[in-house]
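Residues per chain are reported as follows:
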Amino acid sequence: MATEALSLSGIDSLYGDSHVLHGVNIVLREKQVLALLGRNGAGKTTCMSTIIGWLKPRGGEIRLFGEPIARLSPESIARKGVGLVPQGRRVFPKLTVRENLVVSQQKGKWNLESVFQLFPRLRERAEQYAGSLSGGEQQMLAIGRALMGNPRVLLMDEPSEGLAPIIVAEVGRTIARLKAEGQSIVLVEQNVKLALELADEVAILNTGRIVFAGPAKEVGQPLITQHLGVF
């Protein structure tokens, strides 16, 4: 059995008095992709915000390779090895591509050269302001910026959102390559077909509760229709 890279046990998260996550349990194993699926408002982004430390859980525990991280600051969690590709990309528009990348650099295999090899278009646009890039290029930059932190666990929140099909396919190939190179990934994705093609394991959230957790190959049409309302 592969090592547990990231685990959430009994996580409760609230925004003020609004109880969003209810006793969430998920496990990401090392060198695998865990797809976290659910309808809009199911709690997926809240789950990511809780992992990265932007929202502190009211109960439960989060462990990174066995080490508790739930009470740490976002900066400490990042230094421990959790990287985030945020929903909406959130690049720094008035910094160049190069500056966006180096701002998050930590020691490891990912550096400017390896990111430029992964995304040659970023090399071509290295001195352009990030705000001038296309949506697809900004997504590449958001992924590259996260990789520059050399994360042990990479959180990807809706990486295909708002992108043309040809760019979605490129993002999918990038995630598949990262997985093949041993990157542990939590993937939040509305594109269920893409998620199931990439994932080893799937967890489905419905109104803040895990209603399914298991191998991706066990996610069939009835489950998709019942909890995701697509296809």
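Residues numbered from 1 in each chain as written. Predicted model: local features only at pLDDT ≥ 70, side-chain atom pairs only at ≥ 80, totals over all residues. Heavy atoms only, no water.

### As for the overall build of the chain
For step 1, the next point in the chain: If you tally the helices and strands in the chain, you get nine helices and 10 strands.
For step 2, the next point in the chain: In terms of overall dimensions, the chain is globule-like: its C-alpha atoms have a radius of gyration of 17 Å, near the 17 Å expected for 231 residues.
For step 3, the next point in the chain: C-alpha extents for the chain along the principal axes are approximately 45 × 40 × 40 Å.
For step 4, the next point in the chain: The buried share of the chain, reckoned over its 231 residues, is 50%.
For step 5, the next point in the chain: In the chain, 67% of the contacts between residues at least 6 apart in sequence involve partners at least 24 apart.
For step 6, the next point in the chain: On the chain, roughly 10400 Å² of surface is accessible, and the fraction owed to carbon and sulfur atoms is 51%.
For step 7, the next point in the chain: Separation between the mean location of the 27 positive side-chain charges and that of the 22 negative ones in the chain comes to 2 Å. (Helix = DSSP H or I, 4+ residues; strand = E, 2+ residues; numbered from the N terminus. Rg over C-alpha atoms; globule rule 2.2 N^0.38 Å. Buried < 20%, exposed > 50% of the residue type's maximum accessible area, 1.4 Å probe, protein only. Contact = heavy atoms within 4.5 Å. Areas by Shrake-Rupley, 256 points an atom, 1.4 Å probe, with all protein chains shown as cover. Lys, Arg positive; Asp, Glu negative; His and termini not counted. Charge placed at Lys NZ, Arg CZ, Asp CG, Glu CD.)

### Quick look at the pattern of salt bridges
For step 1, the next point in the chain: Within this structure, the stated rule accounts for 10 salt bridges.
For step 2, the next point in the chain: Close ionic contact of Glu67 with Lys80 constitutes a salt bridge, the shortest N to O distance being 2.7 Å. Taken together, the positions of Glu67 in strand β5 (residues 67-68) and Lys80 in helix α2 (residues 74-80) put the pair 13 residues apart, joining distant regions of the chain.
For step 3, the next point in the chain: The partner of Lys179 in a salt bridge is Asp200, and the shortest N-O contact between them spans 3.2 Å. With Lys179 in helix α7 (residues 165-180) and Asp200 in the loop between α8 (192-198) and β9 (201-206), this residue pair connects regions lying 21 residues apart in the sequence. (Salt bridge = Lys/Arg side-chain N within 4 Å of Asp/Glu carboxyl O.)

### Side note on the sheet that holds strand β8 (residues 184-188)
For step 1, the next point in the chain: Strand order in this open sheet of six strands is β6-β7-β8-β3-β9-β10, and the pairing throughout is mixed. One side of each edge strand has no neighbouring strand; the edge strands of this open sheet are β6 (82-85) and β10 (209-215). Ignoring which end each strand starts from, the neighbouring axes of this sheet average 15° apart.
For step 2, the next point in the chain: With four bridges joining them, β6 and strand β7 (residues 153-157) adopt parallel strand pairing. By the bridge assignment, Gly83 is partnered in β7 with Leu154.
For step 3, the next point in the chain: Packing of helix α1 (residues 44-52) onto the sheet brings it into contact with β3 (33-37), β6, β7, β8 and β9, and relative to β7 it is tilted by some 150°.
For step 4, the next point in the chain: Sheet strands touched by α7: β3, β7 and β8. Its angle to β8, the strand with the most contacts, is close to 150°. (Pairing = 2+ DSSP bridges. Axes fitted to C-alpha atoms, helices over the stretch in contact; angles between N-to-C directions.)

### Some remarks on the packing of aromatic side chains
For step 1, the next point in the chain: Applying the stated rule across the entire model yields zero aromatic pairs.
For step 2, the next point in the chain: Here Arg145 stacks its cationic end above the ring of Phe92, 5.3 Å away from the centre of that ring. (Phe/Tyr/Trp six-rings, centres within 6.5 Å; stacked < 30°, edge-to-face > 60°. Lys NZ or Arg CZ within 6 Å of the ring centre and 35° of its normal.)

### Observations regarding unusual backbone geometry
Where the residue is not glycine, phi is negative for most of them; where a peptide bond is considered, it is trans in most cases.
For step 1, the next point in the chain: Not every positive phi belongs to a glycine, and Glu158 is a case in point at roughly 55°.
For step 2, the next point in the chain: Tracing the chain through its elements places Glu158 in the loop between β7 and α7.
For step 3, the next point in the chain: On the accessibility criterion, Glu158 (6% relative accessible area) is buried.
For step 4, the next point in the chain: The residue Thr207 is not glycine, and still its phi comes out positive at about 45°.
For step 5, the next point in the chain: Judged by relative accessible area, Thr207 falls into the exposed class, the value being 54%.

### Brief notes about the pairing of β7
For step 1, the next point in the chain: Among the five residues in β7, five count as buried, and that is most of the element.
For step 2, the next point in the chain: Relative to β8, β7 runs parallel, the two being bridged by five bridges. Bridging across to β8, Leu155 finds its partner in Val186.
For step 3, the next point in the chain: Read as a crossover between parallel neighbours, the route from β7 over α7 to β8 is right-handed. (Right-handed = clockwise from strand over helix to strand, strands pointing away.)

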